[in-house]
Amino acid sequence: MTALIVVDHPEEWPHTFAAAEVISADDYLRDERLSAMRQVRVYNLCDSYEYQTAGYYVSLLATARGHRTMPGVATIQDVKSRSLLRADDELEEIVERSLHTIVSKRFELSIYFGCNVAERHAALSRALFNLFPVPLMRATFAKSSTTRRWRLRSITPIPVGEIPASHGVFLRQVIENHFARRGPAGRAGRSARYEHDLAILTDDDERAPPSNREALKRFERAARQNGFDVEFLNRDDYGRIAEFDALFIRSTTSVNHHTYRFASRAHAEGLVVVDDPESIIRCGNKVYLVELAKRLGLAIPPTMVVSSRMHASDVERELGLPCVLKQPDSAFSEGVFRADTREQLAAGLQRLLSRSDLVVVQSFMPTEFDWRVGVFDRQPLFVCRYFMAEGHWQIYHHGDKHTVEGESETIAVQHAPHDVLQLALTTANAIGDGFYGVDIKTVGGRQVLMEINDNPNVDRGVEDAILGDALYDRIMKGLRARVDAGKQFKPAG
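Residues numbered from 1 in each chain as written. Predicted model: local features only at pLDDT ≥ 70, side-chain atom pairs only at ≥ 80, totals over all residues. Heavy atoms only, no water.

### Observations regarding the overall build of the chain
Right, on to step 1. The helix and strand tally for the chain stands at 17 helices and 22 strands.
Right, on to step 2. Projecting the C-alpha coordinates of the chain onto the three principal axes gives extents of approximately 80 × 60 × 40 Å.
Right, on to step 3. In the chain, 68% of the contacts between residues at least 6 apart in sequence involve partners at least 24 apart.
Right, on to step 4. As displayed, the chain has an accessible area near 22200 Å², and 48% of this comes from carbon and sulfur atoms.
Right, on to step 5. Of the charged side chains in the chain, 61 are positive and 67 negative, and the gap between their average positions amounts to 2 Å. (Helix = DSSP H or I, 4+ residues; strand = E, 2+ residues; numbered from the N terminus. Contact = heavy atoms within 4.5 Å. Areas by Shrake-Rupley, 256 points an atom, 1.4 Å probe, with all protein chains shown as cover. Lys, Arg positive; Asp, Glu negative; His and termini not counted. Charge placed at Lys NZ, Arg CZ, Asp CG, Glu CD.)

If you want it as structure tokens, here you go:
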């Protein structure tokens, strides 16, 4: 992997690095040798990223050439968006903590690869770099005369010639740290056989992650065997997405969540993403699944989509009791309740409708187990039977302190009932060509679709019980094929 630091005026750039070559924007744009190079990482430090400036074209042509670039064109567009500059509640608190001692009404913060020379601004610098991964940027804040709170007004690149001499040593150090941690020198030091870079997003604090540690190790090994250099990321690494060629999410996804923001940013930067943001949206809402099943004519339990205008008595009359209430974005059996009485139904509806204007309610269909068909790249990958937790009506029984999970049994795909596989493939292929888990119940001799999840469970010893390491290899081969083809995972239309 070759690293290029691109600046407007190389004579103004005082640093040299063994891991990177400093060139002018003009050379990058015009030199046919650079255009033909592969496995290139571009650090665009031009003075301006305005539309159709040299800095804009450096990032644009880098993308066309298949070079990895920071910032990407998507980031350049983001920094112009007034809506994105409006801080969310979490960022606002970081801003106030960082700037509360400043007495002036205006403040400029210089951020070098996510760092500032003052340690007290470290958290704010990292948060802004995560939102806008620009190598050298100036964040301008103004204090409101009415609320007395700070507001982010603009993000602009810092021209190389305007970097204070007193910041030189610090700048050099953060760039060297960047190269050592994730830069070309770090990768070259591992092995020259890695052709692409894969980020695996995980969450060490998650109570029920989609893959256990042993499975993650096997994903990593399979990725390396397929030519990926691998790094595990957490939610604080949002600003580094553009450094990679592919993103594989192994943390439970949700639309209003950092996993969706990671997927969206990666998709915008041109990475191969599993799971893509469209799949997260579609799988993440059970109201969508109900409408999809109606359109495709798929069998689902007797179902109502309930709003606050409806009464518990209406639901009881239509579906009977017991019935199951589902928060539209529920996952791993959380946000799903069984109502055995009208009082429980009314209380459950009130609770869920306080969070969402629509709630899914279905007739209760007791079964000994649920089928789970794992589908990847439009093909069945594994088939499991998940049994209900002991003494409970769901696979997961969430207690106050512990979660109890039912037994499971994995069977060979070729031994699974044909109608189970067909229902799973029809459902998954209507979502896209990513990685999905389709849940099905066998009721009265027919197959009934319960739900579809993106980012399904893959735990060592469970879902891989039949294929073993071949399961991980098939997924990584699929990722590698997409990267080689320069394609993203495309959701169904």
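That was the structure; now back to the text.
### Quick look at the side chain of Asp 276
Right, on to step 1. Position of Asp 276 relative to the elements: it lies in the loop between strand 11 (272–274) and helix 12 (277–283).
Right, on to step 2. One buried charge, Asp 276, has no salt-bridge partner; the nearest side chain with opposite charge is Arg 282, at 7.1 Å.
Right, on to step 3. At a separation of 3.2 Å, a polar atom in the side chain of Asp 276 contacts the main-chain amide nitrogen of Glu 278. (Buried < 20%, exposed > 50% of the residue type's maximum accessible area, 1.4 Å probe, protein only. Salt bridge = Lys/Arg side-chain N within 4 Å of Asp/Glu carboxyl O. Polar contact = N/O pair within 3.5 Å; in protein donor to acceptor, adjacent residues only side chain to side chain.)

### Quick look at helix 16 (residues 418–431)
Right, on to step 1. Relative to the 20 Å expected for 14 residues at 1.5 Å per residue, helix 16 spans 20 Å between its end C-alpha atoms, a close match to the ideal helical length.
Right, on to step 2. Looking at helix 16, one finds that the buried residues are Val 420, Leu 421, Leu 423, Ala 424, Leu 425, Thr 427, Ala 428, Ala 430 and Ile 431.
Right, on to step 3. As for helix 16, its buried residues are in contact with helix 12, helix 13 (286–296), strand 16 (369–376), strand 17 (379–387), strand 21 (435–443) and strand 22 (446–454). (Expected span 1.5 Å × (residues − 1).)

### Concerning the packing of helix 14 (residues 312–319) against helix 15 (residues 342–353)
Right, on to step 1. Two numbers describe how helix 14 lies on helix 15: the axes approach to 9 Å, and their chain directions differ by 120°. The angle between the axes of helix 14 and helix 15 places the two elements in the oblique class. Remark: the crossing between helix 14 and helix 15 carries right-handed chirality. When helix 14 is examined against helix 15, the residues Ala 312, Ser 313, Val 315 and Glu 316 are found in contact with a partner set consisting of Arg 342, Leu 345, Ala 346 and Leu 349.
Right, on to step 2. Residue composition of the contact of helix 14 with helix 15, by class: five nonpolar, one polar and two charged. (Axes fitted to C-alpha atoms, helices over the stretch in contact; angles between N-to-C directions. Parallel < 35°, antiparallel > 145°, perpendicular 65-115°, else oblique. Left-handed = near helix turned anticlockwise from the far one by under 90°. Nonpolar A, V, L, I, M, F, W, Y, C, P; charged D, E, K, R; others polar.)

### A short note on the confidence of the model for the chain
Right, on to step 1. Overall, the predicted model of the chain reaches an average pLDDT of 90, with 93% of residues at or above 70.
Right, on to step 2. Highest mean pLDDT in the chain belongs to helix 10 (residues 213–225) (98); lowest belongs to helix 9 (residues 184–190) (40).
Right, on to step 3. Scored below 50 in pLDDT, residues 183–190 makes 19 contacts in the model with residues more than four places away or belonging to other chains. (pLDDT = per-residue confidence, 0-100.)

### Quick look at the sheet that holds strand 22
Right, on to step 1. Read across the open sheet, the five strands follow the order 20-17-16-21-22; overall the sheet is antiparallel. Looking along the sheet, the strands with just one partner apiece sit at the ends: strand 20 (408–411) and strand 22. Adjacent strand axes in the sheet meet at a mean angle of 25° when their direction is disregarded. (Pairing = 2+ DSSP bridges.)

### Considerations on the sheet that holds strand 7 (residues 150–157)
Right, on to step 1. The strand order 5-6-7 describes an open sheet built from three strands, whose pairing is antiparallel. Of all the strands in the sheet, the pair left with one neighbour each is strand 5 (106–112) and strand 7. Shown here is a sheet whose adjacent strand axes are inclined to one another by a mean of 25°, direction ignored.
Right, on to step 2. Summarising the sheet, strand 6 (residues 136–143) and strand 7 pair through seven bridges and their orientation is antiparallel. Bridging across to strand 7, Phe 141 finds its partner in Leu 152.
Right, on to step 3. Along the sheet, helix 6 (residues 89–99) makes contact with strand 5, strand 6 and strand 7, crossing strand 7 at roughly 90°.

### Here we look at the packing of aromatic side chains
Right, on to step 1. This structure, assessed with the given rule, holds twelve aromatic pairs.
Right, on to step 2. On the numbers, 5.5 Å between centres and 55° between planes, the contact of Phe 369 with Phe 387 is tilted. On the criterion of sequence distance, the pair formed by Phe 369 in strand 16 and Phe 387 in strand 17 is long-range, its members being 18 residues apart.
Right, on to step 3. Take Phe 369: its relative accessible area is 18%, and that puts it in the buried class.
Right, on to step 4. These aromatic residues form a ring-pair network of at least three members: Phe 17, Tyr 43, Phe 113 and Phe 179.
Right, on to step 5. The cationic tip of Arg 385 hangs over the ring face of Phe 369; the distance from NZ or CZ to the ring centre is 5.5 Å. (Phe/Tyr/Trp six-rings, centres within 6.5 Å; stacked < 30°, edge-to-face > 60°. Lys NZ or Arg CZ within 6 Å of the ring centre and 35° of its normal.)

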